[in-house]
Structures are given as C-alpha cells and as structure tokens.
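# Structural characterization, general
So the chains spell out like this:
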Amino acid sequence: QAQFAQPVGITWDPVAHHLLVSDSVAGAIFVFDGQGPCPNTISDGPYQRPVGLVVDPAPENAGRIFVADAGAHQVFVLAADGRLLQRLGTRGTGPGQFNYPTNVALDARGLLYVSDSLNFRVQEFDQKLHFVRAIGHKGDMPGCFAEPKGIATDSQGHVYVLDGQFENVQIFDADGNVLMDFGQEGNGPGEFWLPTGIFIDAHDRIW
C-alpha cells in the first residue's frame, strides 16, 4: 500500500487514466488507478521536494509529466513511465530561474506556467520550454503577489493565480495583464484561509 508522508499535489492523467499524487516529504510521486496504487509508482527520481504537478494531455507528447520541485528549485519533465526527460531552471531570480516553485499548469496551447513563489511571480514557457515572460512581482497592488501558489488556466487562455497570503485569486489575460480578482480572508462564502491550490475543469468551473 502507498504510504504517504506529506501528500501536497494531485493531478489527473487523461492519457493513462491515472491519478498522480506528489509527496513532498517522501520525495515520490504515487500513481493510482481505479483499483489502488499502481506498480509503476514514480518513487525513484531526482526529487527533493516535489509539490505541484500536471500531465500534458497532448497526444504527441505521450503523457509528459511536469513536476515543480521546491527543494531543487527546478521543474522536472518526466516521461509517462517516470523517466527524467529534462530539468528546467536553476535557483535564481533571472528569467527561467526559480526560488521555491510550487505549482505548474498548462493551457490549451501547450504553454507552461510555473508559480515561482519566493520570486513573487509566475513564469510562462512556450511548447519548447523556452522562457516567454514573467507575470507579476512583489507588492500589494493589483498584478502583484505576496505568495503565489495555485495556478490554473481556463478555456479562453486566462491565467488564474491563487495567492496564499493575499488569500485571493487574480486573473490575467494571455499577455500577462491583470483583469480582476476575487476572494479575501475569511470563512464565509467566497472567502479563503491559507489557500494553496486551484483547478479549472473542462466546463470552466473553478475549484
């Protein structure tokens, strides 16, 4: 049976129809099907502290897995069987560098977004994983971040960034311009307390 230490990330593999769970303390990615843990649990890898993860649904990419590793300050690109294909980034503040990345998301065009939490920004990469732009910076104005964590995209290419300290979600267009935000600290409807993850489904419902 799978033994969790600190499961923090979860995603669905639409290619293999598996559920993937990252465990930041165990340093592993657990894979489940409808019957339970799969024998191909991705435990042997380069991970230090795997957190957010997402599976590429494009048929030509054969189920690539993107894993944000907050300990390695990198994004790992894995094959569907767990083989390491590429390391993206190093620790730093420049374009394509990370400081405690926490989550990853793909949009309908295949662009990759990484919440670069302690650089207070989101970084965007093209289909070949070349740096495109950084969205946001440290501050308390619209378009700024205190602790960007969860990240998701909708069918129209908008980018939703959940901030764990502002306790809200800011929405950006495809060019990185802030459009609006929602949420605030509290325990009522539409309010949050230390939120970490966000997901947008095929019907553009926000979870």
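Further up the page is the structure itself.
Conventions we followed
- Residues numbered from 1 in each chain as written.
- Predicted model: local features only at pLDDT ≥ 70, side-chain atom pairs only at ≥ 80, totals over all residues.
- Heavy atoms only, no water.
- Helix = DSSP H or I, 4+ residues; strand = E, 2+ residues; numbered from the N terminus.
- Rg over C-alpha atoms; globule rule 2.2 N^0.38 Å.
- Buried < 20%, exposed > 50% of the residue type's maximum accessible area, 1.4 Å probe, protein only.
- Contact = heavy atoms within 4.5 Å.
- Areas by Shrake-Rupley, 256 points an atom, 1.4 Å probe, with all protein chains shown as cover.
- Polar contact = N/O pair within 3.5 Å; in protein donor to acceptor, adjacent residues only side chain to side chain.
- Salt bridge = Lys/Arg side-chain N within 4 Å of Asp/Glu carboxyl O.
- Pairing = 2+ DSSP bridges.
- Core = buried A, V, L, I, M, F, W, Y, C linked by side-chain atoms within 4.5 Å.
- Axes fitted to C-alpha atoms, helices over the stretch in contact; angles between N-to-C directions.
- Phe/Tyr/Trp six-rings, centres within 6.5 Å; stacked < 30°, edge-to-face > 60°.

For the rest of this paragraph, the subject is the overall build of the protein. Looking only at helices and strands, one finds zero helices and 16 strands in the protein. Against the 2.2 N^0.38 benchmark of 17 Å for 207 residues, the protein shows a C-alpha radius of gyration of 16 Å, consistent with a compact globule. The burial tally for the protein puts 50% of its 207 residues in the buried class. In the protein, 36% of the contacts between residues at least 6 apart in sequence involve partners at least 24 apart. When the accessible area of the protein is evaluated, it comes to approximately 10,300 Å², of which 52% is carbon and sulfur surface.

A word on the environment of G150. Here G150 lies in strand β13 (residues 148-153). A sequence separation of 13 residues divides G150 from D163, and the C-alpha atoms of the two residues are 7.1 Å apart. G150 has contacts with N103, Y160, V161, L162, T196, G197 and I198, leaving out every residue within four places of it along the chain.

We now examine the side chain of S24. For S24, the location among the structural elements is in the loop between β2 (18-23) and β3 (28-33). Of note is the side chain of S24, whose polar atom sits 3.1 Å from the side chain of Q6. Ignoring anything within four residues of it in the chain, the contact list for S24 reads Q6, V8, Q48, R49, P50 and V51.

Let us now look at the pattern of salt bridges. Opposite charge on two side chains permits them to pair, given that their charged atoms come into close proximity. Tallying each qualifying case throughout the model produces seven salt bridges. A salt bridge links D56 to R64, with the nearest nitrogen and oxygen atoms 3.0 Å apart. With respect to burial, D56 and R64 carry one shared label: buried. In this structure, E147 and K149 form a salt bridge, with 3.6 Å as the shortest nitrogen-oxygen distance.

It is worth spelling out the pairing of strand β12 (residues 131-135) at this point. The two faces of a sheet get side chains in turn, since along a regular strand they alternate between them. Where strand β11 (residues 121-125) lies against β12, four bridges are found, and the strand directions are antiparallel. Along β12, the bridge assignment pairs V122 with I135.

Here we take up the nonpolar core. Ranked by size, the top nonpolar core spans 15 residues in total, and within it F66, V75, L88, V104, L112 and V114 carry the most contacts. Every element with two or more residues in this core is listed here: β5 (50-55), β6 (65-69), β7 (74-78), β9 (101-106) and β10 (112-116). When sequence neighbours within four positions are dropped, the list of residues in contact with V104 reads G52, L53, V54, F66, A68, V75, L112, Y113, V114 and I151.

Attention now moves to the sheet that holds β6. Taken in spatial order, the four strands line up as β5-β6-β7-β8 in an open sheet, and their pairing is antiparallel. A single partner strand is all that each edge strand has here, and the edge strands are β5 and β8 (84-88). Averaged over all neighbouring strand pairs, the angle between strand axes comes to 20°, with direction disregarded. By the bridge criterion, four bridges tie β5 to β6 in an arrangement that is antiparallel. Counterpart to P50 in the pairing with β6 is D69.

What follows covers the pairing of β13. Buried residues dominate β13, accounting for five of its six residues. Looking at chain direction, β13 and strand β14 (residues 159-163) are connected through four bridges and run antiparallel. Bridging across to β14, P148 finds its partner in D163. The turn linking β13 back onto β14 is made up of five residues, and G157 within it adopts a positive phi angle of 85°.

Let's shift gears to the packing of aromatic side chains. All chains considered together, the criterion is met by six aromatic pairs. Ring geometry for Y47 against F76: centres 6.2 Å apart, planes inclined by 65°, an arrangement best described as edge-to-face. Of this pair, Y47 sits in the loop between β4 (36-37) and β5 while F76 sits in strand β7, placing them 29 residues apart in sequence. Overall, Y47 belongs to the buried group, its relative accessible area being 9%. Centroid distance F125 to F131: 6.1 Å. Interplanar angle 75°. Geometry classified as edge-to-face. Through a chain of ring-to-ring contacts, the aromatic side chains of F4, F30 and F32 assemble into a single cluster.

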